[in-house]
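Descriptive structure summary
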Amino acid sequence: EGGSEETVEVESMNDTLNAISDPLVTDIYTADPSAHVFNGKIYIYPSHDIESGVPQDDLGSHFDMKDYHVFSMDSIPGPVTDHGVALDIKDVAWAGRQMWAPDAAEKDGTYYLYFPAKDKDDIFKIGVASSDSPTGPFTPEPTPIEGSYSIDPAVFADTDGSYYLYFGGIWGGQLQRWEGEAYNPQDEYPTGEAPAILPKMAKLSPDMKSLAEEVKEIQIVDKNGDLLKAQDNERRFFEAAWVHKYNDTYYFSYSTGDTHYIAYATGDNPYGPFTYQGVILNPVIGWTNHHSILEFNGKWYLFYHDSTLSGGQTHLRNIKLTELKHRPDGKIETIDPYLN
Ligand code: FUB
């Protein structure tokens, strides 16, 4: 089933699924899990954390990842299979360093891996690579997706056959350096009552390798319809966009970064605006919080990570999963990662 290394079954998870789930993978460090069901099976596309020796700084230089592995699960709970290296930075002509949080999509039997990396000028862009297998190996395009920038791509496949690319992350993710298509290497942030920096999105073209329209801002508003403010660190967007649909409502979820929540906002279409609703996941061990949301066999799951396996080292993380519950009114129950 593809993969450029031998397929090895690496771990079984707990028989009892609860919020204190064990790491899904223990022989390598993994983070930022984007999970999908393809052909009835769960595939997980995480970052592959490594200790490269690059010192920690505020821009996240210590997140110095160089390849991606794909994992699969036939059931929850159940064993997790590591399908080996699916894409290596040495095979990506345009990429310089730091392969951060990826995502994947399937269309007409072809699988697409979307990934952020810094180009040779140290500017984050988003690349795409394709394969006829969900586990790769993936063949990268020679250049980043035109018009893309920053980090954390997430592709949402809508029920009408449209695909949308969501992206962006502030601080180390460089979103604050972009004004439309113009890049300014100075880090400039809005402050106080000014609107917070907004995540970005665009519809994907039928070829899945280019944007079908100009990049748009995603409005995240409070219950009065006002944009969240720059000083609202507890609620404003930082990174890690994800979109899922439940009962015809679009849920835009994301990390609040320096306040460490996974928060969510809802809207009635993929472009938003999205109204802030609350917290999906409380802070985890480690600085970053990053997730995906998946429906499998009629239940919903949150895939996330923390740093328990490395004893709390922020750049050496491990992926986990737990059940996620939508209440009858559409609200998501807040998950505390360390309580039953
Ligand atoms: O894994 C590197 C970066 O850390 C991701 O791109 C962010 O979302 C954060 O999890």
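Residues numbered from 1 in each chain as written. Predicted model: local features only at pLDDT ≥ 70, side-chain atom pairs only at ≥ 80, totals over all residues. Heavy atoms only, no water.

1. A look at the sheet that holds strand S24 (residues 318–324)
Overall, antiparallel pairing links the 3 strands, which are arranged S22-S23-S24 in an open sheet. Each edge of the sheet is formed by a strand with only one pairing partner; in this case those strands are strand S22 (292–296) and S24. Within the sheet, the average angular offset between the axes of one strand and its neighbour, ignoring direction, is 30 degrees. Where strand S23 (residues 299–306) and S24 come together, 7 bridges link them in antiparallel fashion. Each bridged residue has a counterpart across the sheet, and for Asp 306 the counterpart in S24 is Asn 318. (Pairing = 2+ DSSP bridges. Helix = DSSP H or I, 4+ residues; strand = E, 2+ residues; numbered from the N terminus. Axes fitted to C-alpha atoms, helices over the stretch in contact; angles between N-to-C directions.)

2. Focus on the site of the ligand
Asp 32, Ser 47, Met 65, Trp 100, Ala 101, Asp 152, Glu 239, Thr 288, His 290, His 305 and Arg 317 make up every residue found near the ligand. One nitrogen or oxygen atom from the side chain of Asp 32 is found 2.5 Å from an oxygen atom belonging to the ligand. The contact in question runs from an oxygen atom of the ligand to an N or O atom on the side chain of Arg 317, over 2.7 Å. Notes on the ligand: free accessible area 280 Å², of which the protein chains cover 99%. Residues belonging to the shell around the ligand are distributed by class as follows: 3 nonpolar, 4 polar and 4 charged. (Near = heavy atom within 4 Å. Polar contact = N/O pair within 3.5 Å; in protein donor to acceptor, adjacent residues only side chain to side chain. Areas by Shrake-Rupley, 256 points an atom, 1.4 Å probe, with all protein chains shown as cover. Nonpolar A, V, L, I, M, F, W, Y, C, P; charged D, E, K, R; others polar.)

3. Side note on the confidence of the model for the protein
Of all residues in the protein, 94% attain a pLDDT of 70 or more, and the chain-wide mean is 94. Contacts from residues 1–20, a stretch scored under 50 in pLDDT, to residues over four places away or in other chains number 69 contacts. Taken over the whole predicted complex, pTM reads 0.95, whereas the ipTM for its chain interfaces reads 0.96. (pLDDT = per-residue confidence, 0-100. Contact = heavy atoms within 4.5 Å.)

4. Considerations on the pairing of strand S18 (residues 239–246)
Counting buried positions along S18 yields 7 of 8 residues, so the element is predominantly enclosed. In this structure, S18 lies alongside strand S19 (residues 249–255), joined through 6 bridges in antiparallel fashion. Considered in S19, the bridge of Lys 245 is made with Tyr 250. Count of turn residues in the S18/S19 antiparallel hairpin: 2 residues, of which Asn 247 carries a positive phi of about 50 degrees. (Buried < 20%, exposed > 50% of the residue type's maximum accessible area, 1.4 Å probe, protein only.)

5. Topic: the side chain of Ser 150
In this structure, Ser 150 sits in the loop between strand S10 (139–140) and strand S11 (154–157). Overall, the relative accessible area of 0% leaves Ser 150 in the buried class. Within polar-contact distance, the side chain of Ser 150 engages the backbone nitrogen of Gly 169 at 3.0 Å. One polar contact links the side chain of Ser 150 to the main-chain carbonyl oxygen of Gly 173, over a distance of 2.6 Å. The residues contacting Ser 150, other than those within four sequence positions of it, are Pro 116, Phe 124, Lys 125, Ile 126, Gly 168, Gly 169, Gly 173, Gln 174, Leu 175 and Trp 178.

6. Notes on the pattern of salt bridges
Applying the stated criterion across every chain, the model contains 16 salt bridges. The salt bridge involving Asp 32 is made with Arg 317; its shortest N-O contact spans 3.7 Å. Of this pair, Asp 32 sits in strand S2 (residues 29–38) while Arg 317 sits in the loop between S23 and S24; the two residues are 285 residues apart in sequence, bridging distant segments of the chain. Just as Asp 32 is buried, Arg 317 falls in that class too. Two residues, Asp 49 and Arg 317, come together in a salt bridge whose shortest N-O distance is 2.7 Å. Here Arg 317 lies in the loop between S23 and S24 and Asp 49 lies in strand S3 (residues 41–49), a separation of 268 residues in the sequence. Arg 317 shares its class with Asp 49; the two are buried. Salt bridges sharing partners connect three or more residues here, namely Asp 32, Asp 49 and Arg 317. (Salt bridge = Lys/Arg side-chain N within 4 Å of Asp/Glu carboxyl O.)

7. Things to note about the environment of Ile 332
Along the chain, the position of Ile 332 falls in the segment after S24. It is 8.6 Å that separates the C-alpha atoms of Ile 332 and Tyr 264, two residues lying 68 residues apart in sequence. Non-local contacts of Ile 332, meaning those with residues more than four positions away in its chain, are made with His 244, Tyr 251, Tyr 264, Val 279, Ile 280, Leu 324, Lys 325 and His 326.

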